[in-house]
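Results of the structural survey
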Amino acid sequence: MPQMNMVQAINDALATAMRSDERVVVMGEDVGKVGGVFRVTAGLFDEFGDERVIDTPLSENGIVGTAVGMALYGLVPVVEIQFSDFIWPAYDQIVNELAKFRYRSGGEYPAKIVIRTPVGGGIRGGHYHSQHPEAAFIHVAGLKVVCPSNPHDAKGLLLASIADPDPVLFFEPKRVYRAAKGEVPQGAYTVPLESAAIVRPGRHVTVLAYGAMLYEALDAAAKASAKGVEAEVIDLRTLWPVDIGTILESVKRTGRLVVVHEAPKTCGFGAELMSLVTERAFYHLEAPPVRVTGFDTPFPYTLEMEYMPLSHRILPTLLDTARA
Amino acid sequence: MTTATRQRHESPPADDVIRVLGDDLTLDPVYDPGLSPQEVLELYRHMVTTRLLDERLVGLQRQGRIGFHVGSLGEEAAILGSAYAMRKGDWLFPCYREFGAALMRGLELSVFVHNMFGNAKDTVRGRQMPDHYTCRRVGWVSISSPVGTQITQGVGFAWGAKIRKQDLATLVYFGDGATSSSDFHSGMNFAGVFKIPTVFFCRNNGWAISVPTQRQTASRTLAEKGAAYGVPGVRVDGNDLFAVVSVVKRALERGVRGEGPTLIEAITYRMGGHSTSDDPNRYRASEALEPWTSRDPIGRVRAYLEKHNQWDGTAEERLIAEVDQRFREAVTSAERTPPPALETMFEDVYARPPWHLAEQRAERLAGPRAPGAHG
């Protein structure tokens with residue numbers, strides 16, 4: 001089985017989908033000849049031509065608006081927004097159009113596109129190349145939100161997202177684009193949406209993480225283990241609809257919960273996860289659920305490592321929660 | 001604000017505005033679309049029907065029987081002429097003021113009226129305000145309220161067809177206000193770059209709710225905005241049915257030939273309020289309507305038909321009685337139809353309801369109904 005990094009795995013998923021389904025088109029800024037600023041679409045232009053791998057004008061609103069139109073026609077556009085920080089001009093099209101088309105037309109006009117976009121900090125990108133805006137999309141009825149952490153899942157989840165009948169926001173953790181490596185099967189396979197993965201079993205505390213922060217959570221869990229605390233680390237993979245069954249099963253076993261995410265704390269996805277758990281498993285809890293997150297500030301440039309919920313911030317919270 | 005170089009909203013139209021039906025009721029051969037007498041009659045009947053339904057729907061709203069209506073009073077030639085010029089297999093991306101065109105393309109009156117009541121037979125299942133219907137069968141895309149969003153979508157749809165080598169064009173409706181939106185800019189820009197067969201049909205009716213066109217742009221005309229995108233811009237008398245059919249046909253043919261999009265500025269006038277929720281007397285003197293009353297798009301075609309002995313008062317009365325009869329039946333049926341079932345609120349959010357919606361649905365169905373009437 002070939003070894004790939006996440007960039008290669010996502011590229012492989014796109015090529016696989018485009019080979020098997022002529023309706024799949026890729027569009028965005030710089031996705032053509034140059035293969036995307038992160039090279040995720042490298043080689044697709046040469047293989048599929050400029051009608052299916054489309055370098056668009058620099059207009060996120062135009063990219064998503066026209067992609068919605070293509071979807072209404074019957075194509076399956078896979079859109080790249082160069083950085084998730086640039087997605088906001090398209091927010092109206094995503095929230096008011098893409099997410100609502102099926103509902104507002106009584107099922108007559110499902111509009112399905114996949115929006116791929118790199119997220120997260122730790123790459124010296126400042127606040128316009130580092131944000132992690134999942135909460136603003138999870139909040140919108142009609143959207144699905146995915147955030148893989150490794151090459152195998154990235155390919156399988158992207159193929160599942162392309163095959164899924166609903167619009168999907170596919171958030172790619174750019175900090176581990178090339179750092180996360182692993183075996184990736186050749187050809188088509190899917191990792192089902194709405195399924196989380198227990199990546200490190202443990203019995204003392206449940207840790208929920210996703211994307212690049214999964215590795216920080218795993219690092220903290222390894223260090224906690226040396227101190228006698230066994231953390232169970234769950235990679236959510238699909239953020240919405242979240243795999244509530246796996247989460248509850250784990251929390252009911254451990255009685256303790258730590259949620260990790262890069263995005264700001266207030267109204268972040270962690271708030272929803274904690275509400276879901278406390279509504280359903282309150283009497284199983286033996287300690288207050290805790291969040292380790294980014295702060296309610298814009299994402300800083302020089303102090304980015306202080307902002308992010310890295311292992312050294314997760315570890316003490318994890319130990320405190322396990323011992324509370 | 002400076003508007004020194006901008007033309008006021010014209011009546012009669014300026015020289016660069018294409019007209020066909022002259023004041024003497026002859027057709028200028030340069031742009032005559034060559035409609036047969038039967039076609040003119042058919043279009044006239046649709047225009048009268050549209051206006052009559054507008055009046056009846058406003059009446060229903062004033063009686064509190066429907067919640068809302070957004071009408072097309074004075075814009076019937078622009079709306080019906082443009083839709084008529086498109087082929088059956090082409091697709092229309094409506095704004096929200098074009099129900100007459102949807103009916104002409106084959107939306108059943110009863111389906112439209114069920115939508116006005118948001119009841120269980122409403123094809124959008126009571127999920128949107130009135131006038132936000134959908135009709136895929138006749139190439140009519142689901143309507144949203146935000147202004148301009150359909151412009152990029154209409155371009156994308158035709159773009160998709162172009163990629164799949166299908167002979168298909170789109171027509172996008174929007175008003176003068178939408179030319180200020182980012183979707184107008186993006187849609188025109190993308191369509192220009194990729195030579196997309198989209199007809200951009202701007203109903204310049206002088207008003208965006210209470211704001212006049214001069215407040216939307218310092219450009220002299222809206223059509224000239226096309227130049228910045230490499231898209232030809234055409235100004236047409238939007239109250240001249242023949243001229244509208246003609247310019248849209250030409251724009252469609254141009255798109256089909258692979259030459260790209262056209263921007264059409266149809267100069268017309270919103271004779272009513274923005275919607276039943278609006279009172280135009282708060283911002284517009286009634287004298288403003290006078291020059292447009294004499295240019296009424298329906299009156300002009302009626303005069304033309306009467307001159308050719310194709311129409312008279314008896315025919316008009318018969319048409320009105322017939323439409324009224326059909327409308328009354330549709331309203332009676334709609335008022336007897338119950339509101340959508342409670343569980344429909346949770347359907348069509350996704351293709352299949354995920355766990356959280358299934359849970360919320362069960363919770364809602366188990367609880368008491370809201371007090372008061374529905375629909």
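The structure we're discussing is the one just above.
Conventions used here
Residues numbered from 1 in each chain as written. Chains lettered and ligands numbered in written order. Predicted model: local features only at pLDDT ≥ 70, side-chain atom pairs only at ≥ 80, totals over all residues. Heavy atoms only, no water. Helix = DSSP H or I, 4+ residues; strand = E, 2+ residues; numbered from the N terminus. Buried < 20%, exposed > 50% of the residue type's maximum accessible area, 1.4 Å probe, protein only. Phe/Tyr/Trp six-rings, centres within 6.5 Å; stacked < 30°, edge-to-face > 60°. Lys NZ or Arg CZ within 6 Å of the ring centre and 35° of its normal. 1 Å grid on protein atoms, 1.4 Å probe; cavity = no way out; pocket = protein on both sides within 12 Å on 5 of 7 lines; lining within 4 Å. Points joined across faces, edges and corners; volume = space filled by probe spheres on them. Nonpolar A, V, L, I, M, F, W, Y, C, P; charged D, E, K, R; others polar. Contact = heavy atoms within 4.5 Å. Salt bridge = Lys/Arg side-chain N within 4 Å of Asp/Glu carboxyl O.

Let's talk about unusual backbone geometry
In this structure, the amide linkage connecting Trp240(A) to the following residue, Pro241(A), adopts the cis form with an omega of -5 degrees. Relative to the assigned elements, Pro241(A) resides in the loop between β12 (238-240) and α9 (244-254). Of note, Asp30(A) is a non-glycine position whose phi angle comes to about 70 degrees, a positive value. Here Asp30(A) lies in the loop between β2 (24-28) and α2 (44-48). The class for Asp30(A) is partly exposed, based on a relative accessible area of 36%. The residue Asp348(B) is not glycine, and still its phi comes out positive at about 65 degrees. Mapped onto the secondary structure, Asp348(B) falls in the loop between α10 (313-335) and α11 (355-366).

Here's the deal with the packing of aromatic side chains
The description of two aromatic rings rests on the distance between their centres and on the angle between their planes. Per the counting criterion, the structure on display carries 30 aromatic pairs over all chains. Where Tyr133(B) meets Trp140(B), the ring centres are 6.1 Å apart and the plane angle is 20 degrees; that geometry is what we call stacked. Taken as a pair, Tyr133(B) and Trp140(B) share a single burial class, namely buried. Taken together, the aromatic side chains of Tyr73(A), Phe101(A), Tyr109(A), Trp91(B), Phe93(B) and Phe157(B) make up a single cluster linked through ring pairs. Arg124(A) extends its terminal NZ or CZ atom over the ring of Tyr301(A), reaching a point 4.7 Å from the ring centre. When the ring centre of Tyr103(A) is taken as origin, the NZ or CZ atom of Arg127(B), which lies over that ring, is 4.1 Å away.

As for empty space enclosed by the protein
Evaluation of the coordinates by the stated rule reveals two cavities of 30 Å³ or more. The volume enclosed by the largest cavity comes to roughly 50 Å³. Glu97(A), Arg104(A), Phe93(B), Pro94(B), Val141(B), Ser142(B), Ile143(B), Ser144(B), Thr149(B), Gln150(B) and Gln153(B) together form the lining of the largest cavity. For the lining of the largest cavity, the leading source of residues is helix α5 (residues 149-163) of chain B, giving three residues. Here the residues of the lining of the largest cavity sort into four nonpolar, five polar and two charged. As a volume, the second largest cavity reaches approximately 40 Å³.

Looking at the side chain of Ser195(A)
By secondary structure assignment, the location of Ser195(A) is in the loop between β8 (181-183) and β9 (197-200). Residues in contact with Ser195(A), not counting those within four places in the same chain, are Leu236(A), Arg237(A), Thr238(A) and Asp243(A).

A look at the pattern of salt bridges
Counted under the stated rule, the structure contains 49 salt bridges over all chains. The shortest N-O distance in the salt bridge between Lys165(B) and Glu51(A) comes to 2.7 Å. Of this pair, Lys165(B) sits in the loop between α5 and β2 (170-175) while Glu51(A) sits in the loop between α2 and β3 (53-55), each in a different chain. For Glu51(A), a relative accessible area of 32% gives the class partly exposed. A salt bridge links Asp237(B) to Arg300(B); the nearest nitrogen and oxygen atoms lie 3.1 Å apart. Here Asp237(B) is found in strand β6 (residues 233-237), whereas its partner Arg300(B) is found in helix α9 (residues 297-307), with 63 residues between them in sequence. For Arg300(B), a relative accessible area of 10% translates into the label buried. Because the salt bridges share partners, they merge into one network encompassing Arg102(A), Lys144(A), Asp164(A), Asp166(A) and Glu194(A).

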